[in-house]
Amino acid sequence: MAMDEGQDTAFEAEGRGRGESETDQAIIDGIRQGDPRAALLLHDRFAPLINGMVWRLLGADREHDDVVQQVFVNIFESIEDVRAPEALRSWIITVTVNAVRRELRARKYRKIFHLVPDLPEEHDFRSQDPEKRQLAARCYEVLGRLRAEERIVFTLRYLEGCTLEEIAGASGCSLATAKRRLARARKKFIVHASRDVTLSSMVEEVHDE
Amino acid sequence: MSEGKSDFKRLRRSLVEAVGDGPGEDRIQAQRREMVSLIAHRKRPRQIRLAWSAAAAAAVLLAVLLWIGLSTGEKNLGYSVGGNRVLVAGKSLESVDRPIAVDFDDGSRIEILEGSAGRLMKSTSVQVVFRLDSGKVSADVHHRKNATWSVEAGPYRVTVVGTEFAVSWIPTKKSLDVSVSRGRVLVTGPGLEPKGRRLVKGESLHIPGMTDEQPASPEKTVAEGGQSALSPGSESSPCVEETNPSEKTVTATGGIPAWKALFNDGKYAAAVEAAEKEGFERLLLTLDQGDLWSLSDACRYAREGRKAEDALMAVRSRFPTSGHAKIAAFLLGRVSMELNKDPAAAMKWFKTYLVEEPGAPLAEEAQGRLIKAGLAAGNVEEARKAAKTYIDKYPDGVFAPLAESALQ
């Protein structure tokens, strides 16, 4: 990238506290131009967000790092799709959700076609409390029985606390579709969890209206 | 459909605590280092488009090649037998007086032990199938994503993902033995329906043989001491009984018992007090499994050790084959140790749990707490025995430092 002598790069200006929107624009421009500093700045800026989402969507999955790396690859390869710097964050959330959805679907297909044995997902939960770990493992086992879209909307709604509008935006669907998916996911989760000795007491207070 | 006010609040709280916010700063920094490497080889978007154009052209060429009858198929996974390269799968391999090693190009190995015979039926990048005709093989399989390894023995199949294990098959008796030293396997076949039996490190499976009428019951054992979960004295089978959803009643807001409402609000001491007013002993006898479990939680969280013990014992006696009953054994160990200050009782409960659920997620924790209980009870011999087992099974576990100090 050609620079006038004495002029800061957009990334050096970041350190001087320019607005977030200007920084995001600089990141987008830099990545489009193949500037590795822009890519690293994007990583530093959004890695906690992406990691947090993937961590909870997949349940501290053993292949977490592979999925996160795929998210970044997808970001770099599709950066042209970002229309405005204000949209960068929400676009990254959408890319993350899409990557997780693809991963969940791929796992289902591999199991269906017996390409891998039907073994339970492996988790790397933070808590050392055995009861909490047991609960979390059972919860994600039940979530594993939902379709990928249903699992995602359920997790975004009840574990991430997202609004329905945010869920629709992240999933790339209409609000009505997000509502329908959530209703289906919730119903299925309650049915499966009610049959699970560890989860049953957790869903008893949930009302079906 | 509108949603209730307290939807999954408790579940969310527990999950957030269990799962955490993310993998931690160290791993994020490791990802960053990977990113640096990735960026160094990344193509510009324009180059990616060119690459896709080239890929599209290649795809057309490939389709043409397929049309004229050339197969691409899965890639073969090469291997050698006894150091000699093999080009054709399916040949019978028989060892007489010394093991025969089958070494694969990905670093995996199958060893056919003395007096055993079998055939490598398939060896590709996504699937390896070895048929054990008789005798014993041991295998050390290196994990590769999307690759399945199977050992077939009679009507049984042992499927693995990155594992070290052994399979023994006696065709005349139709007897099968599988033991796992690393990783995990899935064994399917008669008597193991519907989903087969999963074994993890330290576990083994013995199927003694079939009569003409029915297959023998499989026995799952722990490696250490050879105690069987089905041996006399074990209080329940290893099966997890699913609760009948029709027994669960989702009550309306106004109909929740006072103790339950207080429990849901996190007011555990008040919940126990309310339960006492309703008749604690009566509740132990009449509550369904879910509510009884909640009551035991309330007692534990309110640090009412004796009541928690009573509630957990009620779970075990009234719902003996349930998953809750087994977890109750572990929790009784913790209640004994932490609330009732009775390490001898704690030792008994942790041992019970380990017998009933040797491969469960809490097994490592139970084994570690057994060491602590043994030391607290002054039973050095038991503590050292537990410590040795812990180090053998979980050398890098959370309780490893305690185990090592107990062994000194």
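These numbers come from a predicted model, not from an experiment.

Helix and strand counts for chain B stand at 13 helices and 13 strands. Looking at the 408 residues of chain B, the share that counts as buried comes to 43%. Taking the contacts inside chain B whose residues are at least 6 apart along the sequence as the reference set, 45% of them involve residues at least 24 apart.

Let us now look at the overall build of chain A. The helix and strand tally for chain A stands at ten helices and zero strands. The order of helices and strands in chain A, counted from the N terminus, is α-α-α-α-α-α-α-α-α-α. By the burial criterion, 55% of the 209 residues in chain A qualify as buried. Only carbon and sulfur atoms are counted for the fraction: they give 48% of the accessible area of chain A, which is about 9300 Å².

Once that is clear, we can look at the packing of helix α9 (residues 323-339) of chain B against helix α11 (residues 363-376) of chain B. All names here are of chain B. Contact geometry for α9 and α11: axes closest at 11 Å, N-to-C directions at 30 degrees. Relative to α11, α9 is oriented roughly parallel. At the point where α9 passes α11, the crossing takes the left-handed sense. Contact with α9, carried on its side by F330, R334, M337 and E338, involves E365, A366, R369, K372, A373 and A376 of α11 and no other residues of that element.

Our focus in this paragraph is the pattern of salt bridges. Where charged atoms from two side chains of opposite charge come close, those side chains can pair. Evaluated as defined, the whole model comprises 27 salt bridges over all chains. Here A:R138 and A:E141 are joined by a salt bridge, their closest N and O atoms 3.8 Å apart. You can see A:R138 and its partner A:E141 sitting in helix α6 (residues 130-143), three residues apart, about one turn around the helix. Linking B:D297 and B:R300 is a salt bridge whose minimum nitrogen-to-oxygen distance equals 3.0 Å. Of this pair, B:D297 and B:R300 both sit in helix α7 (residues 289-301), three residues apart, roughly one helical turn.

Note: predicted coordinates in regions of low pLDDT should not be interpreted at a detailed level. Residue and element names in this part refer to chain A. Mean pLDDT over chain A works out to 81, with 78% of the residues at or above the 70 mark. Of all helices and strands in chain A, the one with the weakest mean pLDDT is helix α1 (residues 10-14) (41), whereas helix α7 (residues 148-158) scores best (93). Predicted confidence is poor over residues 1-18, with pLDDT under 50, and the contacts of this stretch with residues over four places away or in other chains come to 19 contacts.

The buried fraction of α7(A) is high, at ten of eleven residues. Among all positions of α7(A), only A:A148, A:E149, A:E150, A:R151, A:I152, A:V153, A:F154, A:T155, A:L156 and A:Y158 are buried.

Turning our eyes to something else, we now look at unusual backbone geometry. The phi dihedral of A:A60 is positive, around 50 degrees, even though this residue is not glycine. Locating A:A60 in the fold gives a position in the loop between α3 (36-58) and α4 (64-78). Residue A:A60 is classed as buried on the basis of its relative accessible area of 0%. Here B:R303, not a glycine, exhibits a phi torsion of approximately 60 degrees, which is positive. By the secondary structure assignment, B:R303 is in the loop between α7 and α8 (305-318).

A:L42, A:I50, A:F72, A:I75, A:L156, A:F189 and B:L11 are the most contacted members of the largest nonpolar core, which has 72 residues in total. Per-element tally for this core: the top contributor is α3(A), with 14 residues. With residues up to four places along the chain from it excluded, the contact list for A:L42 reads A:I27, A:I31, A:A47, A:F72, A:I75, A:F76 and A:I92. Judged by nonpolar contacts, the second largest core, of 49 residues, contains B:L284, B:V315, B:L332 and B:A386.

Turning next to the confidence of the model for chain B. Residues and elements named next belong to chain B. Mean pLDDT over chain B: 75, with 74% of residues reaching 70 or higher. Across residues 43-55, confidence stays below pLDDT 50; counting only partners more than four residues off in sequence or on other chains, it has seven contacts. Note that pLDDT drops below 50 for residues 65-73; the model gives that stretch four contacts with residues more than four away or on any other chain. Listed scores for the predicted complex are pTM 0.45 and ipTM 0.81.

Bringing α7(B) into the picture now. An α-helix turns once per 3.6 residues; consequently, residues spaced three or four apart project the same way. Residues and elements named next belong to chain B. In a regular helix each residue adds 1.5 Å, so 13 residues correspond to 18 Å; α7 covers 18 Å between its end C-alpha atoms and thus fits that length. Those residues of α7 that sit buried are Q289, G290, D291, L292, W293, S294, L295, S296, D297, A298, C299 and R300. Taken from the residues just after α7, R303 is the one with a positive phi, measuring 60 degrees.

Here the focus is the pairing of strand β12 (residues 203-207) of chain B. Residues and elements named next belong to chain B. The buried count for β12 comes to four of five residues, which makes it a mostly enclosed element. In the sheet, strand β10 (residues 175-188) pairs with β12 via four bridges, with the strands oriented antiparallel. In the sheet register, D177 faces β12, and the bridge partner there is H206.

Our next topic: the pairing of strand β5 (residues 109-112) of chain B. Residues and elements named next belong to chain B. Side chains I110 and I112 project from β5 onto a buried face, and the interleaved R109 and E111 project onto a face without burial. Once strand β4 (residues 100-104) ends, the chain turns through four residues before running back antiparallel as β5, passing G107 with a positive phi of about 95 degrees. As paired elements, β5 and strand β7 (residues 127-140) share four bridges and run antiparallel to each other. In the sheet register, R109 faces β7, and the bridge partner there is D140.

Okay, the environment of A:S127 next. With respect to the element layout, A:S127 can be found in the loop between α5 (88-112) and α6. Dropping the residues within four chain positions of it, A:S127 is found in contact with A:K132, A:R133, B:E17 and B:A18.

So, how was this worked out
Residues numbered from 1 in each chain as written. Chains lettered and ligands numbered in written order. Predicted model: local features only at pLDDT ≥ 70, side-chain atom pairs only at ≥ 80, totals over all residues. Heavy atoms only, no water. Helix = DSSP H or I, 4+ residues; strand = E, 2+ residues; numbered from the N terminus. Buried < 20%, exposed > 50% of the residue type's maximum accessible area, 1.4 Å probe, protein only. Contact = heavy atoms within 4.5 Å. Areas by Shrake-Rupley, 256 points an atom, 1.4 Å probe, with all protein chains shown as cover. Axes fitted to C-alpha atoms, helices over the stretch in contact; angles between N-to-C directions. Parallel < 35°, antiparallel > 145°, perpendicular 65-115°, else oblique. Left-handed = near helix turned anticlockwise from the far one by under 90°. Salt bridge = Lys/Arg side-chain N within 4 Å of Asp/Glu carboxyl O. pLDDT = per-residue confidence, 0-100. Core = buried A, V, L, I, M, F, W, Y, C linked by side-chain atoms within 4.5 Å. Expected span 1.5 Å × (residues − 1). Pairing = 2+ DSSP bridges.

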